[in-house]
Amino acid sequence: MQNEYYAMSIRIKLFLTFLLTTLLVVLGMHVFTRWSLEKGFTEFVEQRQQERLDKILDVLAEHYAHNQGWQNLAGNKRNWIALLWHADPHRHHPPVWVIEQAQQEPEQSWPPASLPENSRKRWTPFGLRVMLLDADRTILFGREALLSQADLYPIRHDQKTVGFLGLLPGKPVIQASDIYFMERQTNLFFWVALVMVLLSALIAWFLAYHLGRPLKRITAATRKLAAGDYAARLPVESSDEMGQLARNFNDMAAALEQAEQSRRRWVADISHELRTPLAVLRGELEAIMDEVRPLTAEAIKSLSGDVMRLNRLTEDLYQLSLSDQGALSYRKIVLDPVPILQEDLAAFMHDFTNKHISVNWINRLTRPLSINADPDRLSQLFRNLLTNSLNHTDPGGQVAITIQRLADKLVIQLADSSPGVSRQDIQHLFDRFYRVDASRNRHLGGAGLGLAICSNIVKAHEGTLQASPSALGGLAMIVSLPIVP
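What counts as what
Residues numbered from 1 in each chain as written. Predicted model: local features only at pLDDT ≥ 70, side-chain atom pairs only at ≥ 80, totals over all residues. Heavy atoms only, no water. Helix = DSSP H or I, 4+ residues; strand = E, 2+ residues; numbered from the N terminus. Buried < 20%, exposed > 50% of the residue type's maximum accessible area, 1.4 Å probe, protein only. Contact = heavy atoms within 4.5 Å. Areas by Shrake-Rupley, 256 points an atom, 1.4 Å probe, with all protein chains shown as cover. Phe/Tyr/Trp six-rings, centres within 6.5 Å; stacked < 30°, edge-to-face > 60°. Pairing = 2+ DSSP bridges. Axes fitted to C-alpha atoms, helices over the stretch in contact; angles between N-to-C directions. Core = buried A, V, L, I, M, F, W, Y, C linked by side-chain atoms within 4.5 Å. Patch = residues over 30% accessible without salt bridge, like charges linked within 9 Å, V, L, I, M, F, W, Y side chains within 5 Å. Salt bridge = Lys/Arg side-chain N within 4 Å of Asp/Glu carboxyl O. Lys, Arg positive; Asp, Glu negative; His and termini not counted. Charge placed at Lys NZ, Arg CZ, Asp CG, Glu CD. Left-handed = near helix turned anticlockwise from the far one by under 90°. Nonpolar A, V, L, I, M, F, W, Y, C, P; charged D, E, K, R; others polar.

## Section: the overall build of the protein chain
Then comes step 1: Across its full length, the protein chain carries 13 helices and eleven strands.
Then comes step 2: Put simply, the protein chain has 485 residues, and 37% of those count as buried.
Then comes step 3: The contacts of the protein chain with a sequence gap of at least 6 include a subset with a gap of at least 24, amounting to 67%.
Then comes step 4: As displayed, the protein chain has an accessible area near 28900 Å², and 56% of this comes from carbon and sulfur atoms.

## Overview of the side chain of T402
Then comes step 1: By secondary structure assignment, the location of T402 is in strand β8 (residues 398-406).
Then comes step 2: The class of T402 is buried, set by a relative accessible area of 8%.
Then comes step 3: With residues near it in sequence (within four places) discarded, T402 still touches I362, R364, V411, I412 and Q413.

## A word on the packing of aromatic side chains
Then comes step 1: On inspection of all chains with the given rule, the structure shows two aromatic pairs.
Then comes step 2: Look at F32 and W35: their rings are 6.0 Å apart centre to centre, the planes differ by 35°, and that puts the pair in the tilted class. Here the residue F32 and the residue W35 both occupy positions in helix α2 (residues 10-67), the gap between them amounting to three residues, near one helical turn.
Then comes step 3: With 5.1 Å between their ring centres and 50° between their planes, Y64 and W70 make a pair best called tilted.

## Notes on the sheet that holds strand β1 (residues 130-134)
Then comes step 1: Strand order in the open sheet made by the four strands is β2-β1-β4-β3, with antiparallel pairing throughout. Sheet topology places β2 (139-141) and β3 (151-157) at the edges, where each strand pairs with a single neighbour. Across this sheet, the average inter-strand angle for adjacent strands is 35°, counted without regard to direction.
Then comes step 2: The pairing of β1 with strand β4 (residues 160-167) spans five bridges and is antiparallel. The residue of β4 that forms the bridge with V130 is L167.

## Section: the side chain of S480
Then comes step 1: Mapped onto the secondary structure, S480 falls in strand β11 (residues 473-482).
Then comes step 2: Those residues in contact with S480 that sit more than four places away from it in its chain are L410, V411, V458, G463 and T464.

## Points about the environment of L256
Then comes step 1: As for its position among the elements, L256 is in helix α7 (residues 241-289).
Then comes step 2: Taking the C-alpha atoms as reference points, L256 and A231, separated by 25 residues in sequence, lie 9.3 Å from one another.

## Remarks on the nonpolar core
Side chains of a nonpolar character, in soluble globular proteins, are inclined to be buried together.
Then comes step 1: One finds F352, L378, L381, L385 and L410 to be the most contacted residues of the largest nonpolar core, which totals 39 residues.
Then comes step 2: Counting only elements with at least two residues in this core, the list comes to α9 (337-354), β7 (371-373), α10 (375-391), β8, β9 (409-417), α13 (450-460), β10 (464-469) and β11.
Then comes step 3: With near-sequence residues (within four places) excluded, L378 lies in contact with L335, P337, I340, I371, A373 and L481.
Then comes step 4: By size, the runner-up hydrophobic cluster in this structure holds 22 residues, among which are L57, V59, L60 and W85.

## With respect to a negative patch on the surface
Then comes step 1: Judged by side-chain charge, E51, D54, D58 and E62 come together as a negatively charged surface patch.
Then comes step 2: Structurally, E51 is set in helix α2.
Then comes step 3: Judged by relative accessible area, which is 48%, E51 ranks as partly exposed.

## Re unusual backbone geometry
Then comes step 1: Going from S418 to P419, the amide bond is cis rather than trans, its omega being 10°.
Then comes step 2: Structurally, P419 is set in the loop between β9 and α11 (423-426).
Then comes step 3: Although it is not a glycine, Q159 sits at a positive phi angle of roughly 65°.
Then comes step 4: By relative accessible area, Q159 is classed as exposed at 70%.

## Some thoughts on the packing of α9 against α10
Then comes step 1: One way to put it is that α9 packs onto α10 with a least axis distance of 9 Å and a crossing angle of 35°. In this structure, α9 meets α10 at a crossing whose hand is right-handed. Facing P337, I340, L341, D344, L345, A347, F348, D351 and F352 of α9, the residues of α10 in contact are P375, L378, S379, F382, R383, L386, T387 and L390.
Then comes step 2: The class makeup of the residues in the contact of α9 with α10 is twelve nonpolar, two polar and three charged.

Following this line, the structure appears as structure tokens:
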């Protein structure tokens, strides 16, 4: 049974939940209303009985006052019966069987010893439940055996107790109109409850369908996503939690789609990057083995260059994978980055001079500033950026290095001259294996991983790395790092 419950759809579960809740509410309201009606009806009957009791007491008091005692009433059962039924506003004449039964018993015996079957089962007439006693509690009309069961109510005249009216226990009198009213209300409550249950079932089914529809779409889209269809999307139809869930699902699907595209591009680029130098190396080795090319020092130098380029590629891949996983070790200390940049620039000055590239150093800081950084990783960042400027600046060009403070950031800008980079290419400079030159020349542009590694290093230092067109006609790389207060 438990397995069948979990196998039910979410719509059926919602429907049963709503319907069960409504049934409990309707049942509770029905029980409470029925109890309230019966309680109110019982109070009404008891109040009417009290009114009859008060009426009989008043009639007996008037009789006593008119006759100056009970002498005219005592021993005259017919007058006693007539007096009782005269006091009942709903019955002015006693039933025939009451008179006949009373005549067969002694004058003081009241009520009759035997009653009709229907009276015992449903109710006892009010007049058959009373006894009359004088001021000394002597029975005028009644039975000695029933006196102990009766509740005595005083009959007063001129502020004196002139007698007692004994009321025997029994069910209050219920009129035919009262019975009809109760039956009608009971039937009405039943039909109202039935209609409410049916109406609740329709509403519960509508709500279950309405709430289950987006969940069903989410389930279908999730299956597509699990099967590798990352283009699956959900329509956003509301601004509530379901709408937010749809938006989050779409964002997740878009991120997975982008990650899958990046993975495929990554595998294709790695294959291409490894296959090309290996093909060149294999061709040169086969040429030497076939004695097409002699094994000279120049051939060995060429082979060594191919091996070194392959080694740099694998090292760049390793460094990038470490930076992606956050596995690069960072030993951060509070330091001034300007001397590190000066040392790295001094190491490149010979290469810049050989390429006839002038370097302009602009330090706009009024005093030294400190940042929290790893000096080795910071040097790796600066050397990658300087290498990028060296390789992509035409001979006779220039490089401007500007250091300044903007708010709570230390900003270092490396700007070079032509050739420039289009804005479309700038958006992809930090992508892996991306090169601006269409020929993908490894002797000029490297593997296309340096800027991706630089971006990860800057992010690890809680900074930003941006690229923009340079005022010198080339590319400007802007590094922003937080200053230690």
